[in-house]
Amino acid sequence: MNISFRAFFRRRPDIHSYPLPLSRDRMGFTFVEIMVASVIAFVLFQAVYQLFFSTLNSNKVHDEYTSKLMACRVVLMQVQRLTVDARAILHPIPSMTVGTTSSNTLVFRDSIGLVKTLSFSKETGELKMHTLDLQTGTMVPGSLDPDLGGTLQPNPRRSILGKGLKEVVFTVDSMSMDTLQYRIMIDDFHLVGGVRLLNG
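In short, a report on the structure. (Residues numbered from 1 in each chain as written. Predicted model: local features only at pLDDT ≥ 70, side-chain atom pairs only at ≥ 80, totals over all residues. Heavy atoms only, no water.)

## Some words on the side chain of T83
No. 1: Mapping T83 onto the fold places it in helix α2 (residues 31-83).
No. 2: From its side chain, T83 meets the backbone oxygen of V79 in a polar contact 2.8 Å long.
No. 3: Those residues within four positions of T83 in sequence are excluded, and the remaining contacts are L106, F108, L118, L180, Y182, V195 and L197. (Helix = DSSP H or I, 4+ residues; strand = E, 2+ residues; numbered from the N terminus. Polar contact = N/O pair within 3.5 Å; in protein donor to acceptor, adjacent residues only side chain to side chain. Contact = heavy atoms within 4.5 Å.)

## Quick notes on the pattern of salt bridges
Oppositely charged side chains are able to pair whenever their charged atoms sit close together.
No. 1: Considering all chains together, one arrives at five salt bridges under this definition.
No. 2: Of the charged contacts, one joins E64 and K68 as a salt bridge, the two residues approaching to 3.0 Å between their closest N and O atoms. You can see E64 and its partner K68 sitting in helix α2, four residues apart, about one turn around the helix.
No. 3: Exposure remark for E64: the relative accessible area of 39% places this residue in the partly exposed category.
No. 4: By relative accessible area, K68 is classed as buried at 16%.
No. 5: With a shortest N-O distance of 3.5 Å, R183 and E167 are connected by a salt bridge. Placement of the pair is R183 in strand β11 (residues 176-186) and E167 in strand β10 (residues 167-173), with a sequence separation of 16 residues.
No. 6: R183 sits in the partly exposed class, given a relative accessible area of 27%. (Salt bridge = Lys/Arg side-chain N within 4 Å of Asp/Glu carboxyl O. Buried < 20%, exposed > 50% of the residue type's maximum accessible area, 1.4 Å probe, protein only.)

## Remarks on a nonpolar patch on the surface
No. 1: Taken together, F31, V32, M35, V36, I40 and L44 make up a surface patch of nonpolar side chains, about 620 Å² in accessible area.
No. 2: Inspection of the secondary structure puts V32 in helix α2. (Patch = residues over 30% accessible without salt bridge, like charges linked within 9 Å, V, L, I, M, F, W, Y side chains within 5 Å. Areas by Shrake-Rupley, 256 points an atom, 1.4 Å probe, with all protein chains shown as cover.)

## A few points about unusual backbone geometry
No. 1: With an omega of 0°, the peptide bond between H91 and P92 qualifies as cis.
No. 2: Along the chain, P92 turns up in the loop between β1 (88-91) and β2 (100-103).

## A look at the nonpolar core
No. 1: By size, the foremost hydrophobic cluster in this structure holds 24 residues, and its most contacted members are V79, L118, L127, L165, F170 and L180.
No. 2: Looking at this core, the elements that each hand over two or more residues are α2, β3 (105-109), β4 (115-121), β5 (126-133), β10, β11 and β12 (189-196).
No. 3: In terms of residues, this core owes the most to one element, α2, which gives five residues. (Core = buried A, V, L, I, M, F, W, Y, C linked by side-chain atoms within 4.5 Å.)

## Some words on α2
No. 1: Taking 1.5 Å per residue as the helical rise, α2 with its 53 residues ought to reach 78 Å, and the 78 Å between its terminal C-alpha atoms agrees with that figure.
No. 2: Those residues of α2 that sit buried are K68, C72, V75, L76, V79, L82 and T83. (Expected span 1.5 Å × (residues − 1).)

## Looking at the environment of V192
No. 1: As for its position among the elements, V192 is in strand β12.
No. 2: Setting aside anything within four residues of it in sequence, one finds V192 in contact with L76, Y182 and R183.

## Some details on the pairing of β10
No. 1: Within β10, five of the seven residues are buried, which leaves the element mostly enclosed by the surrounding structure.
No. 2: Pairing of β2 with β10 involves four bridges; the strand directions are antiparallel. Bridge pairing in β10 places S102 opposite T171. (Pairing = 2+ DSSP bridges.)

Don't take any of this as a statement about function, it's just geometry.
Structure follows, in structure tokens:
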């Protein structure tokens, strides 16, 4: 049985040499599909946006906490360095009835006999130091440091020990007169320290 090539295609009208037209549902995205895709993209963008800014705020809070904690530590170390060689606490004087006495001002005598004061002002938020000049009988800002000849000279650069403080409290206990405790606070961040007096 011989059937020519043309006759074969003449009998198969469903076979074409050109592409069939696409149906209407395959011509592109519908409006509903575009809306669903837009909603999904918006939800994903919102989640990424919130995650980014929550991480940014968390880092900001952590940096603020670290900076304030370091500021407290710097002031605490300065107070500890000044009071570690204290021989006598002149103020506050502990009460035998109360047990502990606290004050925003500390007056003490150091190892060489100089009288120094550490006073905190709630109005300015500053912790200042003054030293009693025995020659003039006045309190000078800062400390009295010996020069090359051994003469004590005022050093006002050490007058302000801390700024932006919320509270500084010095506490002495009648049960342990050789111990001084202090608490330094910036906003809600605070550190507590203490020293044992020489009592020489």
